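Topology and contacts: notes
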Amino acid sequence: MAPVIRPATKADEAALSNICLLTANAGTSAKDLHTDPTLPGLIYSLPYVNLESTWGFVLVDDGEVVGYTLGAFDTRKFEESAETDWWPSLKARYGPLLQDPDAVLTPADRTYINTIMAFPRASDAQIAFAPAHLHIDILPSHQRRGWGRKLIGRAMECLKRNEVQSIWLGMDTRNIEAARFYERLGFEKVDGAQEGIVGIAIQQWEECNSNAASM
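A brief report on the enclosed structure follows.

About the criteria used
- Residues numbered from 1 in each chain as written.
- Predicted model: local features only at pLDDT ≥ 70, side-chain atom pairs only at ≥ 80, totals over all residues.
- Heavy atoms only, no water.
- Helix = DSSP H or I, 4+ residues; strand = E, 2+ residues; numbered from the N terminus.
- Polar contact = N/O pair within 3.5 Å; in protein donor to acceptor, adjacent residues only side chain to side chain.
- Pairing = 2+ DSSP bridges.
- Contact = heavy atoms within 4.5 Å.
- Axes fitted to C-alpha atoms, helices over the stretch in contact; angles between N-to-C directions.
- Parallel < 35°, antiparallel > 145°, perpendicular 65-115°, else oblique.
- Nonpolar A, V, L, I, M, F, W, Y, C, P; charged D, E, K, R; others polar.
- Salt bridge = Lys/Arg side-chain N within 4 Å of Asp/Glu carboxyl O.
- Buried < 20%, exposed > 50% of the residue type's maximum accessible area, 1.4 Å probe, protein only.
- Right-handed = clockwise from strand over helix to strand, strands pointing away.
- Left-handed = near helix turned anticlockwise from the far one by under 90°.

Describing the environment of D36
By the element assignment, D36 lies in the loop between α1 (13–23) and α2 (39–44). Sequence-wise, D36 and E188 are 152 residues apart; in three dimensions their C-alpha atoms are separated by 34 Å. Looking at D36, its side chain comes within polar contact range of the side chain of T38, at 2.6 Å. In this structure the side chain of D36 is engaged in a polar contact, spanning 2.6 Å, whose partner is the side chain of Y94.

In structure tokens, the structure reads:
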């Protein structure tokens, strides 16, 4: 049976967390970089099946979630929701570890915990380009098979139905393959934003990807 794309739900949390971990090191596995393997997902995937103004789709192959695209319709509303309903409990759980001399933390653990303690808000340049943002991660077994384009295509259909005109994403600048992928899809650097922030208008997406299959 061919893989399918369906809406993401809270029931996908374990899979979303695992995929985030296995792609968190510039597109490769970060499993060996963490003593707590849940950290990447707590920041970059799980909020999108728990907070306001979010959407998500997963790629499922033979009953297993092997990829996802997740995002927010309104980044500022998402940030506000996270400040109230997501970060406080994580700060209470992880913050003390930074001051505990007996805590076994890797440099990557500390980096992610510091991100939890002070998650950076999107810049004004990013919001000026578009209120919406997305993340996309696919396991290596299903990369380079057209699923990235199809996942983003499904997201674009959803965004258009919700009258979103443009969207941006942030990528690890070390991930050269990802940069090439987004360039092929028509994404361009967002003016005034930091390196690694690229975006595209929905109309431009449709023009650049009019022949892409939609699932």
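Quick notes on unusual backbone geometry
Located in the positive-phi region is A26, a residue other than glycine, with phi close to 55°. When you line up the elements, A26 lands in the loop between α1 and α2. Located in the positive-phi region is S53, a residue other than glycine, with phi close to 65°. In this fold, S53 is placed in the loop between α2 and β2 (54–61).

So, the sheet that holds strand β4 (residues 132–138)
The strand order β1-β2-β3-β4-β5-β7-β6 describes an open sheet built from 7 strands, whose pairing is mixed. Looking along the sheet, the strands with just one partner apiece sit at the ends: β1 (4–7) and β6 (188–189). Of the pairings in the sheet, the one linking β4 to strand β5 (residues 166–170) comprises 2 bridges and is parallel in character. Bridging across to β5, H133 finds its partner in W168. Of the strands in this sheet, β2, β3 (64–72) and β4 touch α1, which is tilted by about 90° from β3. Across the sheet, helix α3 (residues 75–85) is in contact with β2, β3, β4 and β5; its angle to β4 comes to roughly 75°.

Considerations on the packing of α3 against helix α4 (residues 87–99)
The description of two packed helices rests on the angle between their axes and on the distance between the axes. It is at 4 Å that the axes of α3 and α4 come closest, and there the two elements cross at 50°. As summarised for this structure, α3 and α4 are arranged oblique, according to the angle between their axes. Residue-level inspection shows A82, E83, T84 and D85 of α3 in contact with α4, the latter providing W87, P88 and K91. Considering only residue class, the contact of α3 with α4 consists of 3 nonpolar, 1 polar and 3 charged.

Observations concerning the pattern of salt bridges
All chains considered together, the criterion is met by 10 salt bridges. Residues E177 and R144 are paired through a salt bridge, measuring 3.9 Å at the closest nitrogen-oxygen approach. One end of the pair, E177, is in helix α8 (residues 176–185); the other, R144, is in the loop between β4 and α7 (147–161), with 33 residues separating them in the sequence. One network of salt bridges, with partners in common, ties together R76, E79, R121 and D124.

Side note on the side chain of S81
In this structure, S81 sits in helix α3. On the basis of relative accessible area, S81 is assigned to the buried category, the value being 6%.

A closer look at the pairing of β4
Within β4, 7 of the 7 residues are buried, which leaves it mostly tucked inside the rest of the structure. Here β4 shows no split at all, with A132, L134, I136 and I138 on one side and H133, H135 and D137 on the other all buried. Bridge count for β3 against β4 is 6 bridges, and the pairing is antiparallel. What sits directly across from L70, in β4, is H135. On the question of chirality, the crossover connecting β4 to the parallel β5 by way of α7 is right-handed.

Quick word on the packing of α7 against α8
Two numbers describe how α7 lies on α8: the axes approach to 11 Å, and their chain directions differ by 55°. Between α7 and α8, the angle falls in the class oblique. Relative to α8, the crossing made by α7 is right-handed. The residues of α8 that touch α7, namely those facing G148, R149 and I152, are F181, Y182 and L185. Tallied by class, the residues present in the contact of α7 with α8 amount to 4 nonpolar, 1 polar and 1 charged.

Worth remembering: the numbers are spatial, not functional.
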